[in-house]
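Structural overview for review
The lines below spell out each chain.
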Amino acid sequence: MHLDYTPTFTPPLLRKDFDLGLAAARALDVPMPVTALTAQLVQASVGTGRVDEDFAILLDLQATASGLQLEPEDVAVDDGLGECRRTA
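First, a word on what this report is: a plain description of the structure on this page. What you see is a predicted model; the values in this text were computed from it and never measured. Numbers given for residues are sequential positions, taken from 1 along each chain in its written order. Whole-chain, interface and lining totals are the exception, using all residues; otherwise, since this is a predicted model, local features are given only for residues with pLDDT of at least 70 and side-chain atom pairs are given and counted only at 80 or more. No hydrogens and no water enter the side-chain calculation; it runs on all heavy atoms of the structure.

Re the nonpolar core
Buried Ala, Val, Leu, Ile, Met, Phe, Trp, Tyr and Cys residues that are joined via side-chain atoms within 4.5 Å together make up what is termed a nonpolar core. Between buried and exposed lies partly exposed: a residue is buried under 20% and exposed over 50% of the maximum accessible area for its type, with that area taken using a 1.4 Å probe on protein chains only. Ranked by size, the top nonpolar core spans 5 residues in total: L14, F18, L22, A39 and V42. Within the residue set of this core, elements represented by two or more residues are α1 (11-27) and α2 (33-47). Of the residues forming this core, the biggest block, 3 residues, is contributed by α1. It only takes one pair of heavy atoms within 4.5 Å for two residues to be counted as in contact. If sequence neighbours within four positions are ignored, A39 has contacts with F18 and L22. Put simply, DSSP marks the helices as runs of H or I at least four residues long and the strands as runs of E at least two long, and each gets a number from the N terminus on.

Considering the packing of α2 against helix α3 (residues 57-65)
The convention used is that axes are lines fitted to C-alpha atoms, helices contributing only their stretch in contact, and that angles between N-to-C directions extend from 0 to 180 degrees. α3 packs onto α2 with a crossing angle of 90° between their chain directions and a minimal axis gap of 10 Å. The orientation of α2 relative to α3 falls into the category roughly perpendicular. Contact with α2, carried on its side by L41, V42 and S45, involves I57, L58 and L61 of α3 and no other residues of that element. Note on residue categories: nonpolar means Ala, Val, Leu, Ile, Met, Phe, Trp, Tyr, Cys or Pro, charged means Asp, Glu, Lys or Arg, and polar means any other residue, Gly included. A class-by-class count of the residues in the contact of α2 with α3 yields 5 nonpolar, 1 polar and no charged. Every angle not falling under 35 degrees, over 145, or within 65 to 115 is termed oblique; those three ranges are roughly parallel, roughly antiparallel and roughly perpendicular.

Here we look at the packing of aromatic side chains
In summary, the pairing rule links any two rings of Phe, Tyr or Trp, Trp by its six-membered ring, whose centres are within 6.5 Å, and it sorts them by plane angle into stacked for under 30 degrees, edge-to-face for over 60 and tilted for everything else. Throughout the structure, instances matching the rule amount to 1 aromatic pair. Where F9 meets F55, the ring centres are 6.1 Å apart and the plane angle is 90°; that geometry is what we call edge-to-face. Of this pair, F9 sits in the segment before α1 while F55 sits in the loop between α2 and α3; the two residues are 46 residues apart in sequence, bridging distant segments of the chain.

Re a nonpolar patch on the surface
Side chains of L28, V30 and M32 sit close together on the surface and give an oily, nonpolar patch of about 270 Å² of accessible area. By relative accessible area, which is 39% here, V30 ends up partly exposed. Patches here are clusters of residues that have more than 30% relative accessible area and form no salt bridge, with a 9 Å joining cutoff for like charges and a 5 Å cutoff for nonpolar side chains (Val, Leu, Ile, Met, Phe, Trp, Tyr). Accessible surface is estimated by sampling points in the Shrake-Rupley manner with a 1.4 Å probe; for residues, cover comes only from the protein chains shown. The working definition used for a salt bridge is a side-chain nitrogen of Lys or Arg within 4 Å of a carboxyl oxygen of Asp or Glu.

So, α3
All of the buried residues along α3 are I57, D60 and A63. One side of α3 carries all its buried residues, which in axial view fall inside an arc of 120°. Of the exposed residues in α3, the ones pointing more than 90 degrees away from its buried face are L59 and A65. Among the structural elements, α1 and α2 are those in contact with the buried residues of α3. Positive backbone phi, approximately 80°, marks G67, located one or two places after α3. In this context, the arc is that of the directions from the helix axis out to the C-beta atoms.

As structure tokens, this is what we get:
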């Protein structure tokens, strides 16, 4: 883990998806309390201004809120997209 927050999916995009899901749940009268709370955490991450980084900053923000500091381990982590990247 390198604590590289190069964006693959940003907090504003994640917030949009939560908003869509919660709107559908409201339309169907389905309670989603844990999802609503998680959406608020995503909104808080957007509120920090870190909107051009990967949504993995949620880990960093939670660590900070817990009084912890994440440190890179300098270990290669497979992103799982290897098979999706094909050259023409």
